Amino acid sequence: KQWRTHVDGLPHGVTWADLKDWARDAGLEVEYCEIEPSTGLGMLELANPRSYEEALRRLSDVPFRGRRVHVMEFEKGKGRGGKGGPRGGPPPPGRGRDRGGRRVHVM
């Protein structure tokens, strides 16, 4: 099972790297992240159930760059692709798009 969460309410101008660093600074093991800058919605894919549960418990309603964000269970159909990206999943390693802050596989 993939351990994915939605992150809603991201501030304007935040990048995938900002989101990844924020989650990692909270002690979470992040495998992949993605943002949709025009909607303020992001997705975190965590490495294990512990990081997933911690993300839901500790990061929701916490300030991130001056805005309260909401971390919630991943729901299919929310965001562009509903399955982690516009084409239904994360890109192969090394094949993500990082200019514009959208899709990047984080190692």
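For the structure itself, look to the data block above.
Every chain is numbered independently, its residues counted from 1 as its sequence is written. Per-residue local features are limited, in this predicted model, to residues with pLDDT of at least 70; the limit for side-chain atom pairs, both in listing and counting, is 80 or more; totals at the level of whole chains, interfaces and linings are taken over all residues. Heavy atoms throughout the structure, all of them, feed into the side-chain values; hydrogens and water do not.

Turning to the pairing of strand E1 (residues 3-8), a few remarks are in order. Buried residues dominate E1, accounting for five of its six residues. Think of it this way: DSSP has to see at least two bridges between two strands before they count as a pair. Helix and strand definitions follow DSSP, with helices as H or I runs of at least four residues and strands as E runs of at least two, each counted in order from the N terminus. One ladder, built from six bridges, connects E1 with strand E3 (residues 41-46); its direction is antiparallel. Bridge pairing links Asp-8 to Leu-41 in E3. Pairing analysis gives four bridges linking E1 to strand E5 (residues 67-73), with the strands arranged antiparallel. Residue pairing across strands places Thr-5 opposite Glu-73, the latter belonging to E5. Only protein chains enter the accessibility calculation, which uses a 1.4 Å probe. A residue is then buried if its area is under 20% of the maximum for its type, exposed if over 50%, and partly exposed in between.

All right, on to the packing of aromatic side chains then. The description of an aromatic ring pair uses the distance of the two centres, along with the angle that the planes make with each other. Aromatic rings from Phe, Tyr and Trp, taking only the six-membered ring of Trp, are treated as a pair when their centres fall within 6.5 Å; an angle between ring planes under 30 degrees marks them as stacked, one over 60 as edge-to-face, and anything in between as tilted. This model, assessed by the stated rule, comprises two aromatic pairs. Judged by centre distance (4.7 Å) and plane angle (40°), the ring pair of Trp-22 and Phe-64 falls under tilted. Taken together, the residues Trp-22 in helix H1 (residues 16-25) and Phe-64 in strand E4 (residues 62-64) connect sequence positions 42 residues apart. In this structure, Trp-22 and Phe-64 share a single accessibility class: buried. Two limits define a charge over a ring: the Lys NZ or Arg CZ must be within 6 Å of the ring centre, and within 35 degrees of the ring normal. We note Arg-4 situated over the ring of Phe-74; from NZ or CZ to the ring centre the distance is 5.6 Å.

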